[in-house]
Amino acid sequence: MIGAVRAPVPAPPLELAHRVGAIESSENPIELYDMLGRESRDQIVALLPDDWDFNGKRVLDFGCGSGRTLRHFLDEAKSAEFWGCDIDEPSVDWLREHLDPPIHAFKNAPIPPISRPNGFFDLVYAISVFTHLTDSWSEWLLDLHRVLRDDGLLIATYMGEGMSQWLADEPWDEDRVGMNVLRSWQPWDAGGPWVLHSDWWIRAHWGRAFEILDFVHRPRMGGELGRHSWVLMRRKRGKLTPFDLERFEPGEEREIKALRHNLRQLNHDAARVIAARDAEVDELRRHIGHTEQALERAIKGYEGSISWRVTKPLRTLAGKRRER
């Protein structure tokens, strides 16, 4: 396969780069943005079957942002069609202006369908998308199934093993995590909701529309787990509904265990939000009290000044005039 792009590629504004991953705390955020995109590109290539060839293929980056990963497929885009779509219009506009051609970009709505015909793509990859979809995941998964050709490939990241300690503040337990939603209240500007997935749940539910070919759990530097996991899937033939994907797996007791655990997680989430808001209210009240005390001291100090005493007769006369 052709190597990753090393030639200079335009970098997006920091606010667009930051939208697809928290990088502002880095000493060189754009360098980190570029590195993360290159790592994703390399992981996608590593997951593809040995006989995969980009030549003549159509590829979609679903949730492409400003092209963090697409920018590393420019060599492959000389012989294949690379597309990107995202709900964020400024990101899509930037991508169109700076990387089109050879990258084709379009804006998609927050709900399906994608504006492309059935069987249009040979490969779709979705990075940090299903990690945040709480209610529309089944509709989107089926729409990606629709736009893939027969036996087309889907690569998606998910937050699984190793993410639990960071996201849920608890050790990972495969059996008690199915599709567990955290921070459902969190606005998109702050990262949106978080969704944890276990491998068995993905195999049971996503596996109804796709043949599960491989799971990859990527370690951080130093060997500790903590990055997104990856799954490679091949499209199965047939037409399904969202309910077909969402229904419980027959005889799978972990479904109930996962729901019970997610309820505990959500209650814990709610308690933290309430505690944080109570703390904010207390801090605001303290600040109001300090301001009131400062105002009282200022008034007393001013009223005790020489100028205040000297001008008292004039203020009295002015008051009488106002009364008249």
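Below: a short report on this structure. (Residues numbered from 1 in each chain as written. Predicted model: local features only at pLDDT ≥ 70, side-chain atom pairs only at ≥ 80, totals over all residues. Heavy atoms only, no water.)

1. Considering helix α2 (residues 29-47)
Okay, so step 1: Given a rise of 1.5 Å per residue, 19 residues ought to cover 27 Å, and the 27 Å separating the end C-alpha atoms of α2 matches this to within 8%.
Okay, so step 2: Of the positions making up α2, those classed as buried are Pro29, Tyr33, Gly37, Ser40, Arg41, Gln43, Ile44, Val45 and Leu47. (Helix = DSSP H or I, 4+ residues; strand = E, 2+ residues; numbered from the N terminus. Expected span 1.5 Å × (residues − 1). Buried < 20%, exposed > 50% of the residue type's maximum accessible area, 1.4 Å probe, protein only.)

2. Comments concerning the pairing of strand β2 (residues 81-86)
Okay, so step 1: In terms of residue burial, β2 counts as a mostly covered element, since 5 of its 6 residues are buried.
Okay, so step 2: When strand β1 (residues 58-62) meets β2, the two strands line up parallel, connected through 5 bridges. The residue bridging Asp61 from the neighbouring strand is Gly84, located in β2.
Okay, so step 3: In the sheet, β2 pairs with strand β3 (residues 103-107) via 5 bridges, with the strands oriented parallel. Paired with Phe82 across the strands is Ile103, a residue of β3.
Okay, so step 4: Assessed by its sense of winding, the connection that carries the chain from β2 through helix α3 (residues 89-99) to β3 is right-handed. (Pairing = 2+ DSSP bridges. Right-handed = clockwise from strand over helix to strand, strands pointing away.)

3. Observations regarding the environment of Glu89
Okay, so step 1: For Glu89, the position within the fold is in helix α3.
Okay, so step 2: Here Glu89 falls in the partly exposed class, since its relative accessible area comes to 43%.
Okay, so step 3: Once the C-alpha coordinates of Glu89 and Gly65 are considered, the two residues, 24 residues apart in sequence, prove to be 9.1 Å apart.

4. Some words on the packing of aromatic side chains
Okay, so step 1: Tallying each qualifying case throughout the model produces 13 aromatic pairs.
Okay, so step 2: On the numbers, 6.2 Å between centres and 70 degrees between planes, the contact of Trp83 with Phe106 is edge-to-face. Here Trp83 is found in strand β2, whereas its partner Phe106 is found in strand β3, with 23 residues between them in sequence.
Okay, so step 3: Overall, the relative accessible area of 13% leaves Trp83 in the buried class.
Okay, so step 4: Look at Phe106 and you get buried, because its relative accessible area is 5%.
Okay, so step 5: Put simply, the rings of Trp52, Phe54, Phe73, Phe82 and Tyr125 touch in pairs and so form one group of aromatic residues. (Phe/Tyr/Trp six-rings, centres within 6.5 Å; stacked < 30°, edge-to-face > 60°.)

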